[in-house]
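Structural characterization, general
Take a look at the letters that make up each chain.
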Amino acid sequence: QRGGISVGGIRHAVELWFVDDKSETARAEQIATTLVKSMGIKFLLGPYSSRLTEAVAHVVQRHDAVLVASAAAARSVFSNRSRVFGVLMPAPTFLLPALQSLLELGARRFGFIQEDVKFTRDACSALAGLAQTTDIQLFGRTVEAGAAKPAVRNEMQYMKSVNIDVFVGCVYTDVCHKIMEIMYELDFN
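Okay, so let's go over this structure. Everything numeric here is computed off the predicted structure, so don't read it as measured data.

**A few points about the packing of aromatic side chains**
Between two aromatic rings, the relevant description is the distance of the centres plus the angle of the planes. Inspection of every chain in the model, using the stated rule, returns two aromatic pairs. Following the ring pairs from residue to residue traces out a cluster consisting of Phe94, Phe119 and Tyr172. Directly above the ring of Tyr158 sits Arg141, whose terminal nitrogen or CZ lies 3.6 Å from the centroid.

**Comments concerning the side chain of Thr120**
By the secondary structure assignment, Thr120 is in helix α5 (residues 118-133). Not counting chain neighbours up to four residues away, the residues in contact with Thr120 comprise Gln114, Glu115, Cys170, Val171 and Tyr172.

**Things to note about the state of the cysteines**
Inspection of every chain in the model, using the stated rule, returns one disulfide. The disulfide partner of Cys124 is Cys170, and the S-S distance across this bridge is 2.0 Å. Around the S-S axis, the bridge from Cys124 to Cys170 shows a dihedral of about 95° and counts as right-handed. Of the two residues, Cys124 is situated in helix α5 and Cys170 in strand β8 (residues 166-170); the sequence distance between them amounts to 46 residues. On the basis of relative accessible area, Cys124 is assigned to the buried category, the value being 2%.

**Description of the sheet that holds strand β6 (residues 109-115)**
Spatially, β7-β6-β8 is the arrangement adopted by the three strands of the open sheet, whose pairing is parallel. Each having just a single partner strand, β7 (137-143) and β8 make up the two edges of the open sheet. In this sheet, adjacent strand axes meet at a mean angle of 15° when their direction is disregarded. Bridge count for β6 against β7 is seven bridges, and the pairing is parallel. Bridged to Gly111 within β7 is Phe139. Helix α6 (residues 149-161) rests against β6, β7 and β8 of the sheet, and its axis sits at about 175° to β7.

**Re the pairing of β6**
Most of β6 sits inside the fold, with six of its seven residues counted as buried. As for the winding sense of the linkage, the β-α-β connection from β6 through α5 to β7 is right-handed. Where β6 and β8 come together, five bridges link them in parallel fashion. Among the inter-strand pairings, Phe112 is bridged to a residue of β8, identified as Val168.

**Side note on the sheet that holds strand β4 (residues 66-69)**
The sheet built from three strands is open, its strands ordered β3-β4-β5 with parallel pairing. Looking at strand neighbours, the two that pair on one side only are β3 (43-45) and β5 (84-86), the edges of this open sheet. Strand-to-strand twist of the sheet, defined as the mean angle between neighbouring strand axes without regard to direction, takes the value 20°. Relative to β4, β3 runs parallel, the two sharing three bridges. Bridged to Phe43 within β4 is Val66. Packed onto the sheet, helix α2 (residues 50-62) meets β3, β4 and β5 and runs at close to 160° relative to β4.

**A closer look at the pattern of salt bridges**
Applying the stated criterion across every chain yields a total of 10 salt bridges. Members of the salt-bridge network, linked through shared partners, are Lys149, Arg153, Glu181 and Glu185.

So, how was this worked out
- Residues numbered from 1 in each chain as written.
- Predicted model: local features only at pLDDT ≥ 70, side-chain atom pairs only at ≥ 80, totals over all residues.
- Heavy atoms only, no water.
- Phe/Tyr/Trp six-rings, centres within 6.5 Å; stacked < 30°, edge-to-face > 60°.
- Lys NZ or Arg CZ within 6 Å of the ring centre and 35° of its normal.
- Helix = DSSP H or I, 4+ residues; strand = E, 2+ residues; numbered from the N terminus.
- Contact = heavy atoms within 4.5 Å.
- Disulfide = S-S within 2.5 Å.
- Buried < 20%, exposed > 50% of the residue type's maximum accessible area, 1.4 Å probe, protein only.
- Pairing = 2+ DSSP bridges.
- Axes fitted to C-alpha atoms, helices over the stretch in contact; angles between N-to-C directions.
- Right-handed = clockwise from strand over helix to strand, strands pointing away.
- Salt bridge = Lys/Arg side-chain N within 4 Å of Asp/Glu carboxyl O.

Written out as structure tokens, the structure is:
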């Protein structure tokens, strides 16, 4: 009704389908398979998160469709997938500007906790790269996804004991809240 999309001067009609993946990886993959294989759809807009998008990217690449991954940044979503395109900067570069600024301010002892998930590991990988090219000391820990408060407390007690200048949390909201509560409880400064 509104003219479609112009490609090379030719107007193409577009029909958008929205399907709820319920934030479930298997469901996202099943939906993509149905859209691409059964319905013949060749152009998909990706779901939210690197985890869900990676499942869809696998289907798209295998069936010669195209995926715009607008809410994914983990390297694994795009690795060896010529038909998957992203719009975000790669997760390993997220922290670099802030880390460079902290270095310029004299920070040398960096501590981090990362959840054991592809995206958070990718985001924190910038710290390891920085440690290889500068004189920083790096104190890193990994906790399981959605880690319980006692596990997070153990790691934060370690961070306090090594007297870091900067703490970085490559975690999702639930673990972030636990870290903030524990930092307050431990009088972390």
